[in-house]
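Residue-level listing of the chains:
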Amino acid sequence: MRIVGLTGGIASGKSTVSNLFKSHGVPVVDADVVACDALKKGSGGWKKVVAAFGEEILLENGEVNRPMLGQIVFSDPDKRQFLNRLLAPHISSGIFWEVVKLWLKGYKVIVLDVPLLFEAKMDKFTKPIIVVWVDPETQKNRLMGRDKSSEEDAGNRINAQMPLDVKRNKADIVIDNTGSIDDLNEQFQKVLIEVSKPLTWTQFWLSRNGALVILASLTSGVVLCIKALS
Ligand SMILES: CC(C)(COP(=O)(O)OP(=O)(O)OC[C@H]1O[C@@H](n2cnc3c(N)ncnc32)[C@H](O)[C@@H]1O)[C@@H](O)C(=O)NCCC(=O)NCCS
Ligand SMILES: Nc1ncnc2c1ncn2[C@@H]1O[C@H](COP(=O)(O)OP(=O)(O)OP(=O)(O)O)[C@@H](O)[C@H]1O
């Protein structure tokens, strides 16, 4: 199985690229969705976060007030790291089970959309790594436009992540999303060809079909041995 890493900065266009993958039949595991589930009322992550940050971060219905928690953690690096430490085990196990489900379904190529792929050191499990890059001004403008946030809030969120230029240097493939959606589409078509190339042998053995071949070979080997010995 080929596990493609998709990362970038906040509002650099990862979800937009994810949607392109999905529309071409490539499944995507979205770490933001997994992280959201890890904070659902009553979950293990929710309990830890409420114990650590207090009930004042809850809405009346008991769910976490995400904008409020966001305000707290994106303006205080210590609190953000604390939240990251609380949620990290829940997010990684959530991602792991999503990958297992797709493996069982027999997908050869899947994409992990993880904003903090490098920060969380999950890059070692993915190849190739795609970084969606955008120039800093466009990034801030798109973030403010999408989230209706102030320049200060947008700046705090951007600064909470590894600089996008550093991520770009760690990438196998860079998508420059500073231009139009048509530009993005054009780059995406080349990326799709690249990630759809035949699997390497290692990737094949790690896929469900590879595992079935190993199992079938082992079973027939055992049967032949038993026949030869009887
Ligand atoms: C603080 C929370 C509640 C704010 O929720 P909100 O709905 O406002 O934002 P959302 O979850 O949609 O995240 C939007 C973007 O913010 C960035 N971001 C989220 N968490 C972090 C973080 N801890 N550090 C840096 N950037 C982050 C990502 O680029 C993400 O795509 C939420 O982001 C959260 O629970 N974060 C901690 C979990 C985490 O690390 N998520 C990232 C998955 S790898
Ligand atoms: N090429 C583009 N031209 C114009 N707008 C774009 C382009 N690409 C993305 N956008 C817009 O920019 C915003 C951010 O994009 P998107 O949500 O895909 O980023 P993201 O990296 O997934 O963000 P996050 O880290 O917050 O999950 C969205 O409003 C999206 O519609």
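Being a predicted model, the structure only gives us computed values, none of them experimental.

(A) Just the site of ligand 1, in detail. The environment of ligand 1 is formed by 21 residues, the closest being Asp32, Arg66, Asn84, Arg157 and Gln161. One nitrogen or oxygen atom from the side chain of Arg157 is found 3.2 Å from an oxygen atom belonging to ligand 1. In this structure, an oxygen atom belonging to ligand 1 sits 2.8 Å away from a side-chain N or O atom of Gln161. Starting from 770 Å² of accessible surface for ligand 1 in isolation, the protein chains cover 87%. If you list the elements that add at least two residues to the shell around ligand 1, you get helix 2 (31-37), helix 4 (66-74) and helix 5 (77-104). In terms of residue class, the shell around ligand 1 is made up of 14 nonpolar, three polar and four charged.

(B) Summary view of the nonpolar core. By size, the foremost hydrophobic cluster in this structure holds 20 residues, and its most contacted members are Val29, Ile95, Val99, Ile110, Leu112 and Val114. Of all the secondary structure elements, the ones that give two or more residues to this core are helix 2, helix 5, strand 3 (109-113) and strand 4 (129-133). Ignoring sequence-local partners within four residues, the contact set of Leu112 consists of Ile3, Val4, Gly5, Leu6, Val29, Ile95, Val99 and Thr126.

(C) Representation of the sheet that holds strand 4 in the model. Read from one edge of the open sheet, five strands run 2-3-1-4-5, paired in parallel fashion. With partners counted over all chains shown, the strands left at the sheet margins are strand 2 (28-30) and strand 5 (173-176), one partner each. Across the sheet, the axes of successive neighbouring strands diverge by a mean angle of 20°, strand direction being ignored. Relative to strand 5, strand 4 runs parallel, the two sharing four bridges. Paired with Val131 across the two strands is Val174, which belongs to strand 5. Contacting strand 1 (2-8), strand 2, strand 3, strand 4 and strand 5, helix 1 (residues 14-23) runs over the sheet at an angle of about 150° to strand 1. Against the sheet, helix 9 (residues 181-195) makes contact with strand 1, strand 3, strand 4 and strand 5, and its axis sits at roughly 165° relative to strand 5, the strand it touches most.

(D) Examining unusual backbone geometry more closely. Cis peptide bonds are those with omega within 30 degrees of zero, and the linkage from Lys127 to Pro128 qualifies with -5°. With respect to the secondary-structure elements, Pro128 resides in the loop between strand 3 and strand 4. Its identity is not glycine, yet Ala11 carries a phi of approximately 60°, on the positive side. Its location among the elements puts Ala11 in the loop between strand 1 and helix 1. Given the relative accessible area of 14%, Ala11 is considered buried. Backbone geometry at Lys121 places phi at a positive 55°, although glycine is not the residue there. In this structure, Lys121 sits in the loop between strand 3 and strand 4. On the basis of relative accessible area, Lys121 is assigned to the exposed category, the value being 53%.

Rules used throughout
- Residues numbered from 1 in each chain as written.
- Chains lettered and ligands numbered in written order.
- Predicted model: local features only at pLDDT ≥ 70, side-chain atom pairs only at ≥ 80, totals over all residues.
- Heavy atoms only, no water.
- Near = heavy atom within 4 Å.
- Polar contact = N/O pair within 3.5 Å; in protein donor to acceptor, adjacent residues only side chain to side chain.
- Areas by Shrake-Rupley, 256 points an atom, 1.4 Å probe, with all protein chains shown as cover.
- Helix = DSSP H or I, 4+ residues; strand = E, 2+ residues; numbered from the N terminus.
- Nonpolar A, V, L, I, M, F, W, Y, C, P; charged D, E, K, R; others polar.
- Core = buried A, V, L, I, M, F, W, Y, C linked by side-chain atoms within 4.5 Å.
- Buried < 20%, exposed > 50% of the residue type's maximum accessible area, 1.4 Å probe, protein only.
- Contact = heavy atoms within 4.5 Å.
- Pairing = 2+ DSSP bridges.
- Axes fitted to C-alpha atoms, helices over the stretch in contact; angles between N-to-C directions.

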